[in-house]
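Here is what each chain is made of, one letter per residue.
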Amino acid sequence: MYGRKNDHRNRNVLREWAHTPPARPDSQRGSNSRRRGNVTDLVLVTGATGTVGSAVADQLREAETSVRVRIATRNPSRTDANAEGDDSETVEFDFERPETWGSALEDVDRLFLVRPPNVGVDRLREFADAAARVGVRHVVYLSVLGAGKNPLLPHYRMERHLEGAGVAYTFLRAANFMQNFSEIHRPDVVEHDEIFVPAGGGEMGFVDARDVAAVGVAALTEPGHENRAYDVTGPEALDCDEVAEAFSDALDRPVSYPNPSILRFARRMRSRGVPYPMIAVMVVLYTVTRLGLSGRVSDDAERVLGREPRGFREFVSDCADCFRR
Ligand SMILES: NC(=O)c1ccc[n+]([C@@H]2O[C@H](COP(=O)([O-])OP(=O)(O)OC[C@H]3O[C@@H](n4cnc5c(N)ncnc54)[C@H](OP(=O)(O)O)[C@@H]3O)[C@@H](O)[C@H]2O)c1
């Protein structure tokens, strides 16, 4: 059903769990020339129009490899792939429509897998199984910090499934994205000069989604990342007063943190038309932060990338224009 089945695929997946990422040799630090993608590799990027997936697709296209990129989206006509000079291909793909899976997976060697918040884990598991059946060799899965230990998280269930799916896997257990402020929380900054999240006094190890993508690209194009899990955080943990200070400095206008209750946060989100399930996900994540459980910082990204991940002030400075009125 899902296209060709090649018997050359090596399915002897190492079951050995290794958490510590390999340190990059000094000779390879800070250079794109380290990329080692197999010239025949075709990578299917799901979530490719989203925050991390779009950066993965861009970085794969820019990397010094001949890895081919296939963009998966429900609306191929809305993507700008296939523009002049862009040799990536775009395919119609919907987790909820298995009839789209076959052409999306045809000839694919590696998969960047994103679970959209509106798609259930069961669907994602079926898709991962389909990918394994047609010979995808390696799945790089965008997970969330803490998913290794917290069975309440959907990502926990997905990770455990991938461990037994018969493919090599790499889990990117990402901290809160800095880009949440330029996307879902942007109107609070632009219209109210506020950081309006119910995080209490908790700290977060914010990571720039571009760095999450860079770790994913390394896993997709270099050897040695199979069957590993990376805690992908930024270089420091910040509370929301410090976040507001970073915005005030970069934007040259006062931005405050009113420390809203969960109820006030939910009401404001609702007034902007944010769907209830999305609000619920954010409330859970910020409750974890309120409890002081989001402040961990890891050096996994630095070890994989051979450079320090971007700090929060760099993110705000890069995106300053999007916060101006
Ligand atoms: N935000 C954070 O701070 C954070 C931190 C750690 C982990 N995460 C995890 O990151 C993941 C989300 O990644 P993201 O923020 O990069 O994504 P995103 O920006 O929310 O974009 C969602 C993507 O999913 C695609 N999509 C939606 N429904 C689909 C469907 N039915 N079939 C196929 N594709 C579908 C969309 O593509 P089309 O519309 O083009 O089809 C879009 O590219 C979640 O699993 C979340 O738990 C988030």
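Residues numbered from 1 in each chain as written. Predicted model: local features only at pLDDT ≥ 70, side-chain atom pairs only at ≥ 80, totals over all residues.

## So, the site of the ligand
To be explicit about the condition: Using the backbone to place each C-beta atom, any residue with that atom within 6 Å of a molecule or strand is considered near it. Strands here mean DSSP runs of E at least two residues long; helices mean DSSP runs of H or I at least four residues long; both are numbered from the N terminus. Lys, Arg, Asp and Glu make up the charged group, whereas Ala, Val, Leu, Ile, Met, Phe, Trp, Tyr, Cys and Pro make up the nonpolar group; the residues left over, Gly among them, are polar.
Near the ligand, the surroundings consist of 27 residues, among which Thr 49, Gly 50, Thr 73, Arg 74 and Pro 116 are the closest. Breaking the shell around the ligand down by element, the ones donating at least two residues are α1 (51–62) and β5 (138–144). A total of three residues in the shell around the ligand trace back to one element, the largest contributor, which is α1. A breakdown of the residues in the shell around the ligand according to their chemical character gives twelve nonpolar, eleven polar and four charged.

## A look at the nonpolar core
Formally: In this description, a nonpolar core means buried residues of the types Ala, Val, Leu, Ile, Met, Phe, Trp, Tyr and Cys, linked to one another by C-beta atoms lying within 7 Å. Counting other C-beta atoms within 10 Å of its own, a residue is labelled buried from 20 upward, exposed at 12 or fewer, and partly exposed in the gap between, with every C-beta atom placed from the backbone. Contact between two residues is assigned whenever their backbone-derived C-beta positions fall within 7 Å.
Grouped together as the largest cluster of nonpolar side chains are 86 residues, with contacts concentrated most on Val 45, Val 139, Tyr 141, Leu 172, Ala 174 and Val 215. Apart from the residues within four sequence positions on either side, Val 215 is in contact with Leu 172, Tyr 230, Val 232, Ala 301, Val 304 and Leu 305.

## With respect to the packing of α1 against helix α6 (residues 209–221)
Selection criterion: Lines fitted to the C-alpha atoms define the axes, with helices restricted to the stretch that makes contact. Angles between their N-to-C directions range from 0 to 180 degrees. Relative orientations are named as follows: roughly parallel for angles under 35 degrees, roughly antiparallel for angles over 145 degrees, roughly perpendicular for angles from 65 to 115 degrees, and oblique for any other angle. By definition, any crossing whose near helix is turned counterclockwise from its far helix by less than a right angle is left-handed, and any crossing with a clockwise turn is right-handed.
Interhelical geometry of α1 versus α6 gives an angle of 50° and a closest axis separation of 8 Å. The angle between α1 and α6 places the two elements in the oblique class. Considering how the two elements wind past one another, α1 and α6 form a crossing that is right-handed. In this structure, α1 uses Thr 51, Val 52, Ala 55, Val 56, Gln 59 and Leu 60 to contact α6, whose residues at the interface are Ala 209, Arg 210, Val 212, Ala 213, Ala 214, Gly 216, Val 217 and Leu 220.

## Thoughts on unusual backbone geometry
Even without being a glycine, Asp 107 presents a positive backbone phi close to 65°. Considering the arrangement of structural elements, one finds Asp 107 in the loop between α2 (101–105) and β4 (110–113). Here Asp 193, not a glycine, exhibits a phi torsion of approximately 55°, which is positive. Relative to the elements of secondary structure, Asp 193 occurs in the loop between α5 (186–192) and α6. Residue Asp 193 is classed as partly exposed on the basis of its 17 C-beta neighbours within 10 Å.

## Focus on the confidence of the model for the chain
Put simply, the test is: Summary of the metric used: pLDDT quantifies the predictor's per-residue confidence within the range 0 to 100.
Considering every residue of the chain, the mean pLDDT works out to 89; 86% of them sit at 70 or more. For residues 1–20, every residue scores under 50 in pLDDT, and the model assigns this stretch 30 contacts once sequence neighbours within four places are set aside.

## Comments concerning the sheet that holds strand β7 (residues 228–232)
So the rule is basically this: In this analysis, strands are considered paired if DSSP registers two or more bridges between them.
Pairing is parallel in the open sheet, where seven strands are placed in the order β3-β2-β1-β4-β5-β6-β7. Two strands bound the open sheet, and with one partner strand each, they are β3 (89–92) and β7. Across the sheet, the mean angle from the axis of one strand to that of its neighbour is 20°, orientation sign disregarded. With three bridges joining them, strand β1 (residues 42–45) and β4 adopt parallel strand pairing. The partner of Val 45 across the bridge, within β4, is Phe 112. Sheet contacts for α6: β1, β4, β5, β6 (168–174) and β7; angle to β6, the most-contacted strand, approximately 170°.

## What about the pairing of β1?
Looking at chain direction, β1 and strand β2 (residues 68–73) are connected through four bridges and run parallel. From the neighbouring strand, Val 43 faces β2, where its bridge partner is Val 69.

## Details of the environment of Val 316
With respect to the secondary-structure elements, Val 316 resides in helix α11 (residues 312–318). For Val 316, a count of 23 C-beta atoms within 10 Å gives the class buried. Sequence-wise, Val 316 and Ser 248 are 68 residues apart; in three dimensions their C-alpha atoms are separated by 9.9 Å. Filtering out sequence-adjacent residues up to four positions away, Val 316 remains in contact with Ala 246, Phe 247 and Ala 250.

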